[in-house]
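Read off the chains here:
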Amino acid sequence: MIFATVGSQAPFDRLIRAVDDWAGSRKRSDVFAQIAAGDYCPVHVKYKKFVEPQEFRQLVQEAKVIVAHAGMGSIITALEMGKPIVVMPRRARYRETRNDHQVAAANHFGAQGRVIVADDENRLAEVLDYAVTLGETERIEAKASDELITTIRNFIDAAGVDR
Amino acid sequence: MPDKVKKLASRKKVLAVASSGGHWTQLLRVMPAFDCHEVAFVTVLEAYRSDVPDHRFYLVDDANRWNKFGLIKLAASVAWIVAKERPDVVVSTGAAPGYFAVLVGRLLGAKTIWIDSITNIERLSMSGALAGKHANLWLTQWPHLAKAEGPQYGGSVL
């Protein structure tokens with residue numbers, strides 16, 4: 001199963017249309033999409049507007065590949081479950097977000113090899129063709145770096161001393 | 001034991017605040033830092049309750065800068081929760097609910113932590129730039145965004 005998700009905040013029809021086209025041309029009937037309140041209704045892909053967080057994790061768990069906007073909720077969940085994730089960043093110029101932070105995030109984590117980036121809808125099909133050949137990746141632990149945990153823990157331990 | 005040492009070792013009340021999606025995911029990843037402390041959570045989706053069983057859990061309606069009435073309502077809800085909880089520490093990974101929690105927490109004498117989202121690689125988020133100035137500990141997750149006057153870098157959620 002391939003799970004496509006755009007997060008709960010805003011639609012991302014450019015991604016869903018590209019995923020739907022890919023599913024149609026590759027004759028894949030095993031694609032499920034969470035599309036938010038978009039205007040585009042997929043033809044080849046089963047979909048829901050929203051899924052609850054537990055169902056979201058279940059879908060990621062069952063999927064062979066995740067395809068998503070470059071939101072950190074989607075990226076971190078895929079990494080924690082060891083699933084290959086293709087990300088297509090939302091762009092401010094199409095009013096898909098306020099700024100291009102997703103472009104920077106996609107490029108950065110793409111360069112690290114943690115995500116596979118499709119810059120835009122024209123690149124998505126070939127990137128997905130590649131991603132479906134991949135197996136599970138190593139799962140990351142479900143916690144922040146030791147450095148961040150220590151920074152916060154030390155601050156909390158010291159708080160209130162002067163109250 | 002001297003008073004100061006006793007207090008250092010004591011259990012603190014922590015109020016942990018995040019809106020949905022990546023903000024909540026990142027807050028869950030720093031939870032080990034709250035071990036041994038009493039933690040209450042504030043977020044925007046009922047479904048997140050099961051992520052933090054055994055903790056007090058508050059829901060607020062999220063808002064953003066395009067919804068001024070929503071922001072006022074959110075500020076009031078968050079202020080009520082902070083006043084009720086009287087936390088020693090407020091920690092947030094964003095966005096709007098955390099901004100208000102940091103402001104009100106500071107006013108009521110809590111120590112406050114703002115962790116700017118890992119997604120902000122090129123510059124801080126708007127809520128981060130605003131809230132960070134009011135936080136006692138203002139963190140970016142990117143070393144190249146750290147500045148002498150804040151934010152500082154102290155590790156990342158990944």
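Here's a quick rundown of the structure. Owing to the predicted nature of the structure, the values given are computational and were not obtained by experimental measurement.

### Some points on the interface of chain A and chain B
Thought 1: With 32 residues of chain A in contact, the opposing surface of chain B contributes 36 residues.
Thought 2: A per-element tally of the side of chain A that touches chain B places helix H6 (residues 146-158) of chain A first, with nine residues.
Thought 3: Residues belonging to the side of chain A that touches chain B are distributed by class as follows: 14 nonpolar, twelve polar and six charged.

### Thoughts on the sheet that holds strand E4 (residues 65-69) of chain A
All names here are of chain A.
Thought 1: Judged by pairing direction, the sheet is parallel, and its six strands sit side by side in the order E3-E2-E1-E4-E5-E6 without closing on themselves. Each edge of the open sheet carries a strand with a single partner, namely strand E3 (46-48) and strand E6 (116-117).
Thought 2: In this structure, strand E2 (residues 31-34) lies alongside E3, joined through three bridges in parallel fashion. Bridge pairing links glutamine 34 to lysine 48 in E3.
Thought 3: On the sheet, helix H5 (residues 121-131) packs against E4, strand E5 (85-88) and E6 and is oriented at approximately 170° with respect to E5.

### Details of the pairing of E2 of chain A
Residues and elements named next belong to chain A.
Thought 1: By the bridge criterion, four bridges tie strand E1 (residues 2-5) to E2 in an arrangement that is parallel. Opposite isoleucine 2, over in E2, you have valine 31 as the bridge partner.
Thought 2: Assessed by its sense of winding, the connection that carries the chain from E1 through helix H1 (residues 13-25) to E2 is right-handed.

### Overview of the packing of H1 of chain A against H5 of chain A
Residues and elements named next belong to chain A.
Thought 1: For the pair H1 and H5, the least separation of the axes is 9 Å and the interaxial angle reads 45°. One element, H1, and the other, H5, form an angle in the oblique class. In this structure, the crossing between H1 and H5 has a hand that is right-handed. Of the residues in H5, those in contact with Arg14, Arg17, Ala18, Val19 and Trp22 of H1 are Glu121, Leu124, Ala125 and Leu128.
Thought 2: In terms of residue class, the contact of H1 with H5 is made up of six nonpolar, no polar and three charged.

What counts and what doesn't
Residues numbered from 1 in each chain as written. Chains lettered and ligands numbered in written order. Predicted model: local features only at pLDDT ≥ 70, side-chain atom pairs only at ≥ 80, totals over all residues. Contact = placed C-beta atoms within 7 Å. Helix = DSSP H or I, 4+ residues; strand = E, 2+ residues; numbered from the N terminus. Nonpolar A, V, L, I, M, F, W, Y, C, P; charged D, E, K, R; others polar. Pairing = 2+ DSSP bridges. Axes fitted to C-alpha atoms, helices over the stretch in contact; angles between N-to-C directions. Right-handed = clockwise from strand over helix to strand, strands pointing away. Parallel < 35°, antiparallel > 145°, perpendicular 65-115°, else oblique. Left-handed = near helix turned anticlockwise from the far one by under 90°.

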